[in-house]
Amino acid sequence: MINQIPPITRNLIIINVVVFALTYLLNSEMMYRYLAAFYPFSPFFHSWQIITHMFMHGSFMHILFNMFTLYSFGPVLERILGDRKYLILYFVSGLGAFFLFNLWNFIEVEQIKTSLQSFGFDLNGYMSGENVAFKGSSQAVLEQRKLVSDLQSIITVPMVGASGAIFGVIAAFAILFPDAEIMIMFIPIPVKVKYVLPVVVIGSVILGVTGNVGGIAHLAHVGGALVGILLAWYWKKNRFRIN
């Protein structure tokens, strides 16, 4: 069955599966340290991570869902768009996911810095590795500890997965084939994809700005979807190999 999948989609699935297997067979901590995507101002960030994170996954269910979705939507787009545009769609959507997710991280980091400085906390000393004391009342100390914990989470917890790229693929499919019907879990009837896309995007925005629910980078999904929408809209408008 794998040979019936168009070559770009097939190779993307194979690479993702191989990297996932190597992550668990080899030193997974080292793989995540160097291939997952850290916040760009983190000491753990490396430039190649903006690409390599798209092939890293956090769990079996994570990669299973992503690869099944790519298998479901990718072949149609690969045949319609051609190899070049399909690759552009996939990787630029992944980059869009990385950019939007970390733009929001940057905004949060700046807000955290401002709050800590208002308490008189020596942020520069803390970032340099010094043993910095919290200041103020017990309530103020609790607030500072929470802020420092949030800051550490942004700096040290990386972004992984092909979800941003795949959301771009799904979004492009919705733009090019808006009346196509798909089945959704817990909904017993087919739903047109043009109705599903806005619900998913708006829901991801709400979840992303209100908190990283369940460890899922919802704004990365939004970034990938926005890129997919823009590229598909542009290609459809200019009739680039779209019938």
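Residues numbered from 1 in each chain as written. Predicted model: local features only at pLDDT ≥ 70, side-chain atom pairs only at ≥ 80, totals over all residues. Heavy atoms only, no water.

Turning our attention to the packing of helix α8 (residues 163-176) against helix α10 (residues 218-237). With their axes 7 Å apart at the nearest point, α8 and α10 run at an angle of 35° to one another. Here α8 and α10 pass one another in a crossing that is right-handed. For the pair α8 and α10, contact is made by Ser163, Gly164, Phe167, Gly168, Ala171, Ala172, Ile175 and Leu176 and by Ala220, His221, Gly224, Ala225, Gly228, Ile229, Ala232, Trp233 and Lys236, respectively. Among the residues forming the contact of α8 with α10, the class breakdown is ten nonpolar, six polar and one charged. (Axes fitted to C-alpha atoms, helices over the stretch in contact; angles between N-to-C directions. Helix = DSSP H or I, 4+ residues; strand = E, 2+ residues; numbered from the N terminus. Left-handed = near helix turned anticlockwise from the far one by under 90°. Contact = heavy atoms within 4.5 Å. Nonpolar A, V, L, I, M, F, W, Y, C, P; charged D, E, K, R; others polar.)

Before going further, it helps to examine the nonpolar core. Of all hydrophobic cores here, the largest spans 42 residues; its most connected members are Leu12, Met67, Leu70, Leu77, Leu89 and Tyr90. Broken down by secondary-structure element, the contributors of at least two residues to this core are α1 (7-25), α4 (60-81), α5 (83-118), α8, α9 (193-210) and α10. Sort the elements by how many residues they give to this core and α8 lands first, with nine residues. By size, the runner-up hydrophobic cluster in this structure holds twelve residues, among which are Phe121, Leu147, Ile154 and Ile155. (Core = buried A, V, L, I, M, F, W, Y, C linked by side-chain atoms within 4.5 Å. Buried < 20%, exposed > 50% of the residue type's maximum accessible area, 1.4 Å probe, protein only.)

Turning our attention to the UniProt feature "transmembrane region" (unreviewed entry) in the chain. Feature annotation in UniProt places "transmembrane region" (unreviewed entry) on residues 12-35, 55-74, 86-107, 154-177, 189-209 and 215-235, given in this structure's numbering. Helix and strand shares over residues 55-74 are 75% and 0% respectively, and the end C-alpha atoms of the span are 16 Å apart. Across residues 86-107, helical content stands at 100% and strand content at 0%; the span's end C-alpha atoms are separated by 32 Å. (UniProt positions renumbered as here; feature names shortened; annotations may be inferred.)

A few words on a nonpolar patch on the surface. On the surface, Ile14, Val18, Leu22, Leu25 and Leu26 cluster together into a nonpolar patch covering about 470 Å² of accessible area. Ile14 gets classed as partly exposed once you look at its relative accessible area, which sits at 39%. (Patch = residues over 30% accessible without salt bridge, like charges linked within 9 Å, V, L, I, M, F, W, Y side chains within 5 Å. Areas by Shrake-Rupley, 256 points an atom, 1.4 Å probe, with all protein chains shown as cover. Salt bridge = Lys/Arg side-chain N within 4 Å of Asp/Glu carboxyl O.)

Let's shift gears to the packing of α5 against helix α7 (residues 138-156). The N-to-C vectors of α5 and α7 enclose an angle of 150°; their axes lie 10 Å apart at closest approach. Here α5 lies roughly antiparallel to α7, going by the angle between them. Between α5 and α7 the crossing geometry is left-handed. The segment α5 lies against α7, with Asn105, Glu108, Val109, Ile112, Ser115 and Leu116 engaging Gln144, Leu147, Val148, Asp150, Leu151 and Ile154. (Parallel < 35°, antiparallel > 145°, perpendicular 65-115°, else oblique.)

As enumerated under the stated definition, the model contains ten aromatic pairs in all. A centroid spacing of 5.2 Å and a plane angle of 45° characterise the contact between Phe173 and Phe177, whose relative ring orientation is tilted. Since its relative accessible area comes to 10%, Phe173 is described here as buried. The class of Phe177 is partly exposed, set by a relative accessible area of 27%. Feature note: the residues Tyr39, Phe41 and Phe106 constitute an aromatic cluster, connected by ring pairs. (Phe/Tyr/Trp six-rings, centres within 6.5 Å; stacked < 30°, edge-to-face > 60°.)

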